[in-house]
Amino acid sequence: MEKLKLGIPKGSLENATVDLFKKAGWQISISSRSYFPGIDDDEIKCSLIRPQEMGKYVERGTIDVGIAGRDWIRENESDVIEVCEMVYSKVSRRPARWVLVVNGNSKIQGPEDLHGATISTELVGFTKRYFAERNIPVTVEFSWGATEAKVVEGLCDAIVEVTETGSTIKANGLRIVTELMESVPVMVVNKAAWEDPWKRAKIEQIATLLQSSLRAEGMVGLKMNAPKEKVAEITAVIPSLKSPTVANHYNSEWVSIESIMPEQEVRRIVPELIKLGAEGIVEYSLNKII
């Protein structure tokens, strides 16, 4: 039996990735003693891999397909195929941002003010290329962690750090000078694997279902019964992906109306629907929207 070698990102994206696969229809079980998670699909073999290394393993063909932040793919300049992006993370559904940060009382207002400065970051390769492209000479040092503390203590002039909300940066009395890159998790594939018909079909199946699960987040289905004469008024207030579905009840002057909408819209429209004569209103959750 053919096997697709799948890389699961170890670390901050690990639990969110497992949860996403669960919504998409795959159960992944991770043991603290193993780097090879189990999965309820005989056609897939999983490996836990740090996102920082995912691109190079995919490029080499050690694994066929993996999920990692676009930032680490660009950092390593990995020669891989990006199938799709998936906006999810441990904190929010916002893209992560790599930002140039200085102490709050610094006089630096832009990258050009860092001429001859020392910058600390985990994203060394990308940062070097960013400043080189702008002809700004800087020294870029790799940070082994606690990067914010380095600029607070004056161990460097600036840092390049990742953030989603910016709250930690502000809490440490630091200031964002500019955004260098926006990153979201992406599915990347080895070029040879993409040319293999069986592997490509399997990868496309996984990508479709993962994206459909993300699309369903924050969305619900709403259905109700209503008098036929109220259909136009009711459908006018119901949000939907395209238009609500209306079906006649057997031998009745009533219809069933059904729609998919953002969950937060339900609280707004339900009182209106009741006033218009809707009954038997049911809200239900969604796993996928394909």
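Definitions and cut-offs
Residues numbered from 1 in each chain as written. Predicted model: local features only at pLDDT ≥ 70, side-chain atom pairs only at ≥ 80, totals over all residues. Heavy atoms only, no water. UniProt positions renumbered as here; feature names shortened; annotations may be inferred. Bend = angle between axes of the 7 residues up to and from the residue. Helix = DSSP H or I, 4+ residues; strand = E, 2+ residues; numbered from the N terminus. Contact = heavy atoms within 4.5 Å. Salt bridge = Lys/Arg side-chain N within 4 Å of Asp/Glu carboxyl O. Buried < 20%, exposed > 50% of the residue type's maximum accessible area, 1.4 Å probe, protein only. Pairing = 2+ DSSP bridges. Axes fitted to C-alpha atoms, helices over the stretch in contact; angles between N-to-C directions. Phe/Tyr/Trp six-rings, centres within 6.5 Å; stacked < 30°, edge-to-face > 60°. Lys NZ or Arg CZ within 6 Å of the ring centre and 35° of its normal.

- Taking an unreviewed UniProt entry as the reference, the protein chain is identified by name as ATP phosphoribosyltransferase belonging to Geomonas propionica.
- Taken directly from UniProt, the Pathway (unreviewed entry) text for the protein chain runs: "Amino-acid biosynthesis; L-histidine biosynthesis; L-histidine from 5-phospho-alpha-D-ribose 1-diphosphate: step 1/9."
- In its Subcellular location (unreviewed entry) section, UniProt records this for the protein chain: "Cytoplasm".

1. Focus: helix 10 (residues 263-275)
Part 1 of the argument: The sharpest bend along helix 10 reaches about 40° and sits at isoleucine 269, with the proline proline 271 one to four residues further on.
Part 2 of the argument: Contacts from the buried residues of helix 10 go to strand 13 (219-227), helix 9 (231-237), strand 15 (254-262) and strand 16 (279-285).
Part 3 of the argument: Looking one or two residues past helix 10, glycine 277 carries a phi angle of roughly 105°, positive in sign.

2. Examining the pattern of salt bridges
Part 1 of the argument: What the rule picks out here adds up to 14 salt bridges.
Part 2 of the argument: A salt bridge links glutamate 77 to arginine 129; its shortest N-O distance comes to 3.6 Å. With glutamate 77 in the loop between helix 3 (70-75) and strand 6 (81-85) and arginine 129 in helix 4 (residues 124-133), this residue pair connects regions lying 52 residues apart in the sequence.
Part 3 of the argument: Using a relative accessible area of 25% as the deciding quantity, one classes arginine 129 as partly exposed.
Part 4 of the argument: Between arginine 200 and glutamate 204 there is a salt bridge whose closest N-O contact spans 3.4 Å.

3. Some thoughts on the sheet that holds strand 5 (residues 65-69)
Part 1 of the argument: As summarised here, the arrangement of the 5 strands in space is 4-1-5-12-6, forming an open sheet in which the pairing is mixed. The two strands at the open ends of the sheet, each matched to only one other strand, are strand 4 (44-49) and strand 6. Going from strand to strand, the sheet's axes swing by 30° on average, the running direction of each strand aside.
Part 2 of the argument: Summarising the sheet, strand 6 and strand 12 (residues 185-189) pair through 4 bridges and their orientation is antiparallel. In the strand pairing of strand 12, glutamate 85 is matched with valine 186.
Part 3 of the argument: The strands touched by helix 1 (residues 14-24) are strand 1 (4-9), strand 4 and strand 5; relative to strand 1, the strand with the most contacts, the crossing angle is about 130°.
Part 4 of the argument: Where helix 2 (residues 51-60) meets the sheet, it contacts strand 1, strand 4, strand 5 and strand 12, and its direction lies at approximately 145° from that of strand 5.

4. Focus on the packing of aromatic side chains
Part 1 of the argument: Overall, the coordinates contain 5 aromatic pairs when judged by the stated rule.
Part 2 of the argument: For the pair tryptophan 72 and tryptophan 98, a centre-to-centre distance of 5.9 Å together with 90° between the ring planes defines the contact as edge-to-face. With tryptophan 72 in helix 3 and tryptophan 98 in strand 7 (residues 96-103), the pair connects residues that are 26 residues apart, well separated along the chain. Each of the two residues, tryptophan 72 as well as tryptophan 98, counts as buried.
Part 3 of the argument: When the centroid spacing of 6.5 Å and the interplanar angle of 35° are considered together, the rings of phenylalanine 126 and tyrosine 130 count as tilted. Linking phenylalanine 126 with tyrosine 130, this pair stays in helix 4, spanning 4 residues, or about one helical turn. Tyrosine 130 shares its class with phenylalanine 126; the two are buried.
Part 4 of the argument: Here the aromatic residues Phe126, Tyr130 and Phe131 are joined through ring pairs into a cluster of three or more.
Part 5 of the argument: Seen from the ring of tyrosine 57, lysine 56 lies directly overhead, with NZ or CZ sitting 5.8 Å from the centre.
Part 6 of the argument: Sitting over the ring of tyrosine 130, arginine 134 keeps its end group 3.6 Å from the ring centre.

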